[in-house]
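Results of the structural survey
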Amino acid sequence: MPDNKLNSEELTYIKQKLKDLLKATRPVLVPGDLCTLKGTLIKAHEQNGFERNAFGQHPLLTAFDTIAILCDMVAPDRTLIVSTLLQTTLNEIDNDIESIRKQWGDDIALTVSRLLKVQQLYRKHTTVESENFKRLLLTFAEDIRVIILMIVGRLALMRSINHHPDEDAVRQVAGEARYLYAALAHRLGLYTIKSELEDLSLKYTEREIYTSIAKKLNETKTKRDEYIKNFIEPVKARLEAEGLRFDIKGRTKSIFSIWNKIKKQRVDLDHIYDLFAIRIIIDTVPEREKAECWLAYSVITDMFRPNPARMKDWISIPKANGYESLHTTVYGPDERWVEVQIRTRRMDEVAEKGLAAHWRYKGIKAEANLDTWMSNVRDILETAESGPMELMKNMKMDVYNREVFVFTPKGDLYNLPAGATLLDFAFHIHTGLGAQCTGGRVNGKARKINYKLESGDTVEIMTSPNQQPNQGWLNIAITSKARNKIRAALKDSESRAADLGKELLQRRFKNRKIDYNEALMTKVIKKLGYKDTIRFFSDLGDNTLDVGTVVDNYVSLMLPENENNVTVSADEFVLNTAHDDTEDSVSDSDVLIIGNDIKGINYRMAKCCNPIFGDDVFGFISAEGVVKIHRNDCPNASNIRAKYPYRVIKTRWSGKFAGQMAVTLRILGNDDIGIVTNITSIITKESNTSLRNISIDSHDGLFQGFLVVGVNDTQSLNNLIKKIKTVKGVKDVQRSN
């Protein structure tokens, strides 16, 4: 069991962190805060109240590392700094939320209680694959600061577990960091944190690839730095000549980003044309930001030939997470493409530290675009009904897609992922609007719901109260919000139809005075090919499945059970002599002799064995009073004779049969060209024989066919089978029941 006390090395580390913390937090902490915190932490340590995490790390070290990253890569904040330290002591000494509230205030107490939930879940080794984790995120979506601390805390953890002996645990944490925490960081505009999380994730999951790229970057650093210097010098001179005040620097792309490009472009490191980027950061007043960025852009594109396809204008319309910058890729010296990013000092701060650097702490709620971000996160969390893995997929999908910007007729601006359709836009505005969407007008022209939106479109949604989502909409919508809302609507619709189907079936049973048996109905549902009872009743409700068919199948399964104890003889059955013109009935009394040549009996050929003229047969008196004719070798013959001997009646063929009877043949053979043609040719040439239906299925050079043929009698059938067997490639021909 690990020692919860700090060792000497850890104590030295914390003392240094306290000094660093004092410098970094001087602008935000209230005098006396650190002294009070220090006393609380010392008391907890003396009582040995701290519990190390799954990697054996002391929570105080993790807390100080988290605060250091927060101050360095986001922004120092009193509530988050104090809450991060206090949550390590909560429940470990005589301390509770109420005492924290009295000493530190409501805001810190609320934040500590939320952070404590994170701490408790991590102790239980809860991962993002847990449904509890989704609920936790949903709770935190009310306070963006807690989400930021979760991201920062995960980066602190990732930095500390390199070469930890528990490789499986490390890989799991790395996977979560890449798919969930990096995606959240991207949404907040925390690009530096996002890049480091992705790099560390690659390092821990694909160490050889990471090491190879890092080594090659290091080997080429001198040459790369020389190229950047030669590119920057003339650019710097031209920008200064225009009177701009600026910084200019070069940076290499992240290793994870380089690896993605290697995979997508299928090239090696030497052939990635935008391996590094030049960044121009302009110092100017707010009202001159756009003008001076575009001035710098014109200077660059005048000096070097730009690639129009690589131009990105996020100054005119910023990204959803607040990112503003001008990007262009130009053809630089030595025939190399160079990406140039142009932004102001304010824009660079947002790009480096995200919108989180500018939130309003006291009111919790953020600026308008941050509110939009929070709403987007809540939508994804609330509608991720398919489970946490689907949640991560949706989060990543919505984050990394490019954006399109569209307007409402009133001029309101909305952004969606590239490829979003008119239907996505309708659901983005409101769920009810999406559910009743029939199409829309885009730039004044009528468009269908599958129209793909383009930046600058003005969209007006058309609706109908009779419209409702259908399965095909899932092939049209691409955003997670729209797709999950459609799935929910389909599920509700199916549930309503199922309720209607149940009511319809119960009413029919009541009218026919049939007792409902759940077990027997389950057999009917399986017999009709349904694996899902909801879908079965739903098909009944929307008339896809005929209720009469269901009742008939139920009765056919029910009758033998109900009649096991019937002791009346065959003579006591009332035979139905009424005319029946169904296709499986036979009205020619001269063909069959039933019993002692009973006349005027209505009989049918049993579908279980499909007897034809010449087969050895027997009659079975059904409950309806109709005699069903079975072959003696019928699969059901032995069961019928054993259970209902009193209802079996002697039957034999008489005279000649003038018409044709249907019989099914099963044929196996080689899948050779022309074999089917040869078989059908034999059938058509046979006198008094006709081909009624054919179905062929081939696989691995063999085919299996089912032929329904009309024949006069068994002799004609046997002759036909013999001739088909002579066809080259035919392996077997059998009569199918």
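Residues numbered from 1 in each chain as written. Predicted model: local features only at pLDDT ≥ 70, side-chain atom pairs only at ≥ 80, totals over all residues. Heavy atoms only, no water.

Here the focus is the overall build of the chain. When helices and strands are counted, the chain shows 26 helices and 21 strands. Looking at the chain residue by residue over its 737 residues, the buried ones come to 47%. Taking the intrachain contacts of the chain between residues at least 6 apart in sequence as the baseline, contacts between residues at least 24 apart amount to 67%. Roughly 37800 Å² of accessible area belongs to the chain as shown, and the carbon and sulfur atoms make up 48% of that amount. (Helix = DSSP H or I, 4+ residues; strand = E, 2+ residues; numbered from the N terminus. Buried < 20%, exposed > 50% of the residue type's maximum accessible area, 1.4 Å probe, protein only. Contact = heavy atoms within 4.5 Å. Areas by Shrake-Rupley, 256 points an atom, 1.4 Å probe, with all protein chains shown as cover.)

Of the two faces of strand S17 (residues 648-653), only the one carrying Ile-649, Thr-651 and Trp-653 is buried; Val-648, Lys-650 and Arg-652 on the other face are not. One ladder, built from three bridges, connects strand S13 (residues 592-594) with S17; its direction is antiparallel. When the sheet's bridge partners are listed, Ile-594 is paired in S17 with Thr-651. For strand S15 (residues 617-621) and S17, the ladder comprises three bridges, and the chain directions are antiparallel. Directly across from Gly-619, in S17, lies its bridge partner Ile-649. (Pairing = 2+ DSSP bridges.)

Going through the model one piece at a time under the given rule, you end up with 13 aromatic pairs. Here Tyr-414 and Phe-425 contribute two aromatic rings whose centre-to-centre distance is 5.9 Å and whose plane-to-plane angle is 80 degrees, an arrangement assigned as edge-to-face. One end of the pair, Tyr-414, is in strand S8 (residues 413-417); the other, Phe-425, is in helix H18 (residues 422-429), with 11 residues separating them in the sequence. Centroid distance Tyr-530 to Phe-536: 5.4 Å. Interplanar angle 75 degrees. Geometry classified as edge-to-face. Both residues of the pair, Tyr-530 and Phe-536, count as buried. (Phe/Tyr/Trp six-rings, centres within 6.5 Å; stacked < 30°, edge-to-face > 60°.)

So, about the environment of Phe-509. Following the sequence through the fold, Phe-509 ends up in helix H20 (residues 480-511). Sequence separation of Phe-509 and Val-551 is 42 residues, and the distance between their C-alpha atoms is 7.6 Å. Residues contacting Phe-509, with those up to four places away along its chain left out, are Ile-514, Asp-515, Tyr-516, Met-521, Val-551 and Tyr-554.

A few words now on the confidence of the model for the chain. On average, residues of the chain score 79 in pLDDT, and 81% of them are at 70 or above. Least confident of the elements in the chain is helix H17 (residues 388-400), whose mean pLDDT is 43; most confident is helix H14 (residues 289-303), at 95. Contacts for the low-pLDDT stretch residues 357-370, under 50 throughout, to residues beyond four places or in other chains number 33 contacts. Every residue in residues 384-401 scores below 50 in pLDDT, and together they form 46 contacts with partners more than four places removed in sequence or on other chains. (pLDDT = per-residue confidence, 0-100.)

For the rest of this paragraph, the subject is the nonpolar core. Ile-151, Met-158, Ile-193 and Leu-197 are the most contacted members of the largest nonpolar core, which totals 61 residues. A per-element tally of this core places helix H8 (residues 144-160) first, with 12 residues. Residue contacts for Ile-193: discarding those within four places in its chain leaves Met-73, Val-74, Ile-151, Val-152, Leu-155 and Ala-185. Membership of the second largest hydrophobic core comes to 36 residues, among which are Ile-248, Ile-258, Ile-278 and Ala-296. (Core = buried A, V, L, I, M, F, W, Y, C linked by side-chain atoms within 4.5 Å.)

Another point: the sheet that holds strand S18 (residues 661-670). Sheet strands pair by backbone hydrogen bonding; their relative direction is either parallel or antiparallel. Strands sit in the order S19-S20-S18-S21 across an open sheet of four strands; the sheet is antiparallel. With one partner strand each, in any of the chains shown, strand S19 (690-699) and strand S21 (730-736) form the two edges of the open sheet. Taking each pair of neighbouring strands and ignoring which way they run, the sheet shows an average axis angle of 20 degrees. Sheet analysis places S19 next to strand S20 (residues 702-711), joined by nine bridges and oriented antiparallel. Bridge assignment links Ser-690 to a residue of S20, and that residue is Gly-710. (Axes fitted to C-alpha atoms, helices over the stretch in contact; angles between N-to-C directions.)

Before going further, it helps to spend a moment on the sheet that holds strand S10 (residues 445-447). In space, the three strands of this open sheet follow the order S10-S9-S11, with antiparallel pairing throughout. Two strands close off the open sheet at either side, each with one partner strand: S10 and strand S11 (459-463). Across the sheet, the mean angle from the axis of one strand to that of its neighbour is 30 degrees, orientation sign disregarded. For strand S9 (residues 437-442) and S11, the ladder comprises five bridges, and the chain directions are antiparallel. Bridged to Val-442 within S11 is Val-459. Those strands touched by H18 are S9, S10 and S11, and its axis lies near 105 degrees from that of S9.

Okay, the pairing of strand S7 (residues 403-407) next. Sheet topology places S7 next to S8; five bridges connect them, and they run antiparallel. Across the sheet, the residue bridging to Glu-403 is Pro-417, located in S8.

With that settled, the discussion passes to a nonpolar patch on the surface. A surface patch of nonpolar side chains, amounting to about 210 Å² of accessible area, comprises Leu-691, Ile-694 and Ile-696. Mapped onto the elements of the fold, Ile-696 is located in strand S19. (Patch = residues over 30% accessible without salt bridge, like charges linked within 9 Å, V, L, I, M, F, W, Y side chains within 5 Å. Salt bridge = Lys/Arg side-chain N within 4 Å of Asp/Glu carboxyl O.)

With that settled, consider the state of the cysteines. All chains considered together, the criterion is met by zero disulfides. Sulfur of Cys-609: no disulfide; nearest cysteine sulfur belongs to Cys-634 and is 3.7 Å away. (Disulfide = S-S within 2.5 Å.)

It is worth spelling out helix H10 (residues 191-205) at this point. Because each turn of an α-helix spans 3.6 residues, side chains separated by three or four positions in sequence point in the same direction. The terminal C-alpha atoms of H10 lie 21 Å apart, and with 15 residues this matches the ideal 21 Å at 1.5 Å per residue to within 8%. Most of H10 sits out of view: 11 of its 15 residues are buried. (Expected span 1.5 Å × (residues − 1).)

Take Glu-339: it is sitting in strand S6 (residues 336-344). At 3.4 Å, the side chain of Glu-339 forms a polar contact with the side chain of His-327. Look past the residues within four positions of Glu-339 in its chain and what remains in contact with it is Lys-253, Phe-276, Ala-277, Ile-278, His-327, Thr-328 and Thr-329. (Polar contact = N/O pair within 3.5 Å; in protein donor to acceptor, adjacent residues only side chain to side chain.)

Evaluated as defined, the whole model comprises 22 salt bridges. Two residues, Glu-98 and Arg-101, come together in a salt bridge whose shortest N-O distance is 3.5 Å. Of this pair, Glu-98 and Arg-101 both sit in helix H5 (residues 97-104), three residues apart, which is roughly one turn of that helix. Residue Arg-101 is classed as partly exposed on the basis of its relative accessible area of 32%. We note a salt bridge from Asp-225 to Lys-221, for which the minimum N-O separation is 2.7 Å. In this pair, Asp-225 and Lys-221 both sit in helix H12 (residues 221-241), four residues apart, roughly one turn of the helix. We classify Asp-225 as partly exposed; its relative accessible area is 35%. Linked by salt bridges that have partners in common, Glu-98, Arg-101 and Asp-106 make up one network.

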